[in-house]
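Single-letter residue listing:
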Amino acid sequence: MSTLAAPSGISETASALRRLYFVRFAFAIIWAGVMLTMASKITPVGAVLLVLYPLFDVGAAIYDAKVSRTAGSPRLLYVNVAVSLVTAIGLGIACASGIPAVLRVWGAWAIVAGLVQLIVAIPRRAMGGQWPMILSGGISVLAGASFVASAGADDPKLSGAVGYAIPGAIFFLISALRLGRAAKTD
């Protein structure tokens, strides 16, 4: 069975996105593992880690926009950069107010970032490896709504919001593995 080589632009984009998705997988798994140990209250280290997560997303979106220009307009990725920056600031403020405020900010971010991820991934389907990103974006929207709703619980915990990073990491890993085909050239 022979495989067709992807056009150079798609191959380079797929290769760069593949590397990014592997890094995002590793970051999210490590971050979630550390944060899950602090899910019952907001500690100073936990607050820093909560702010760090959307800041990491900013860097990832900037890199994605830079390497994927051949796959479409990076406009929505820049929207994601702005939303994640606002989220980092909002989380910094919310950490002083408590877990319900953090869950509301985190949930709103998950909704908006999930929509952006979904909308960005759909036109990239031809590149391959994007169905996990489409699913992840849709799940993020639903999860975000549940975080906002859980903020009103009697004893809200961060574990659900933190645990949400794990499936996201797995989706990045699956997408990275699937992008391997598009990243290969003959």
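Residues numbered from 1 in each chain as written. Predicted model: local features only at pLDDT ≥ 70, side-chain atom pairs only at ≥ 80, totals over all residues. Heavy atoms only, no water.

## Comments concerning the overall build of the protein
Link 1 in the chain: Along its length, the protein carries seven helices and zero strands.
Link 2 in the chain: Its helices and strands taken in sequence order, the protein reads α-α-α-α-α-α-α from the N to the C terminus.
Link 3 in the chain: On the protein, roughly 9100 Å² of surface is accessible, and the fraction owed to carbon and sulfur atoms is 70%. (Helix = DSSP H or I, 4+ residues; strand = E, 2+ residues; numbered from the N terminus. Areas by Shrake-Rupley, 256 points an atom, 1.4 Å probe, with all protein chains shown as cover.)

## Observations concerning the pattern of salt bridges
Link 1 in the chain: Enumeration according to the criterion identifies two salt bridges in this entry.
Link 2 in the chain: A salt bridge links arginine 24 to aspartate 57; its shortest N-O distance comes to 2.4 Å. Of this pair, arginine 24 sits in helix α1 (residues 8-35) while aspartate 57 sits in helix α2 (residues 44-67), and the two are 33 residues apart along the sequence. Summarising the burial analysis for this pair, arginine 24 and aspartate 57 share the class buried.
Link 3 in the chain: In this structure, aspartate 155 engages lysine 157 in a salt bridge whose closest nitrogen and oxygen atoms are separated by 2.7 Å.
Link 4 in the chain: The class for lysine 157 is partly exposed, based on a relative accessible area of 35%. (Salt bridge = Lys/Arg side-chain N within 4 Å of Asp/Glu carboxyl O. Buried < 20%, exposed > 50% of the residue type's maximum accessible area, 1.4 Å probe, protein only.)

## Re the packing of helix α3 (residues 75-97) against helix α4 (residues 99-121)
Link 1 in the chain: At a minimum axis distance of 8 Å, the contact between α3 and α4 shows a crossing angle of 170°. As summarised for this structure, α3 and α4 are arranged roughly antiparallel, according to the angle between their axes. Residue-level inspection shows Leu76, Leu77, Val79, Asn80, Val83, Ser84, Thr87, Gly90, Leu91, Ala94, Cys95 and Ser97 of α3 in contact with α4, the latter providing Ala101, Val102, Val105, Trp106, Trp109, Val112, Ala113, Val116, Ile119 and Val120.
Link 2 in the chain: Across the contact of α3 with α4, the residue classes tally to 17 nonpolar, five polar and no charged. (Axes fitted to C-alpha atoms, helices over the stretch in contact; angles between N-to-C directions. Parallel < 35°, antiparallel > 145°, perpendicular 65-115°, else oblique. Contact = heavy atoms within 4.5 Å. Nonpolar A, V, L, I, M, F, W, Y, C, P; charged D, E, K, R; others polar.)

## Examining helix α5 (residues 131-150)
Link 1 in the chain: For α5, which comprises 20 residues, the first-to-last C-alpha distance of 28 Å matches the rise-based estimate of 28 Å (1.5 Å per residue) to within 8%.
Link 2 in the chain: Buried within α5 we find Pro132, Met133, Ile134, Ser136, Gly137, Ser140, Ala143, Gly144 and Phe147. (Expected span 1.5 Å × (residues − 1).)

## Focus on the packing of aromatic side chains
Link 1 in the chain: The full count for this structure, using the stated rule, is 10 aromatic pairs.
Link 2 in the chain: On the numbers, 5.2 Å between centres and 55° between planes, the contact of tyrosine 21 with phenylalanine 172 is tilted. Separated by 151 residues along the polypeptide, tyrosine 21 in helix α1 and phenylalanine 172 in helix α7 (residues 165-183) bring together distant segments of the chain. With respect to class, tyrosine 21 is no different from phenylalanine 172; both count as buried. (Phe/Tyr/Trp six-rings, centres within 6.5 Å; stacked < 30°, edge-to-face > 60°.)

## Re the environment of valine 23
Link 1 in the chain: Within the secondary structure, valine 23 sits in helix α1.
Link 2 in the chain: Separated by 149 residues in the primary sequence, valine 23 and phenylalanine 172 have C-alpha atoms spaced 8.8 Å apart.

## A few points about the side chain of threonine 87
Link 1 in the chain: If you trace the backbone, threonine 87 turns up in helix α3.
Link 2 in the chain: Look at threonine 87 and you get buried, because its relative accessible area is 6%.
Link 3 in the chain: Within polar-contact distance, the side chain of threonine 87 engages the backbone oxygen of valine 83 at 2.7 Å. (Polar contact = N/O pair within 3.5 Å; in protein donor to acceptor, adjacent residues only side chain to side chain.)

## Observations regarding a nonpolar patch on the surface
Link 1 in the chain: A surface patch of nonpolar side chains, about 230 Å² in accessible area, is lined by Leu52, Leu55 and Leu85.
Link 2 in the chain: Among the secondary structure elements, leucine 52 is positioned in helix α2.
Link 3 in the chain: Residue classification places leucine 52 among the partly exposed positions, given a relative accessible area of 36%. (Patch = residues over 30% accessible without salt bridge, like charges linked within 9 Å, V, L, I, M, F, W, Y side chains within 5 Å.)

## A few points about the nonpolar core
In globular proteins that are soluble, nonpolar side chains generally tend to be buried together.
Link 1 in the chain: Membership of the largest hydrophobic core comes to 33 residues, with the highest contact counts inside it found for Trp31, Leu50, Tyr53, Val102, Trp106, Phe147 and Leu158.
Link 2 in the chain: Those elements giving two or more residues to this core turn out to be α1, α2, α3, α4, α5, α6 (159-163) and α7.
Link 3 in the chain: Tallying contributions element by element places α4 first for this core, with eight residues.
Link 4 in the chain: Once you skip the residues sitting within four places of it in the chain, tryptophan 106 turns out to touch Trp31, Leu50, Tyr53, Pro54, Leu91, Phe147, Ala161 and Tyr164. (Core = buried A, V, L, I, M, F, W, Y, C linked by side-chain atoms within 4.5 Å.)

Interpretation in functional terms is not warranted from these geometric data alone.
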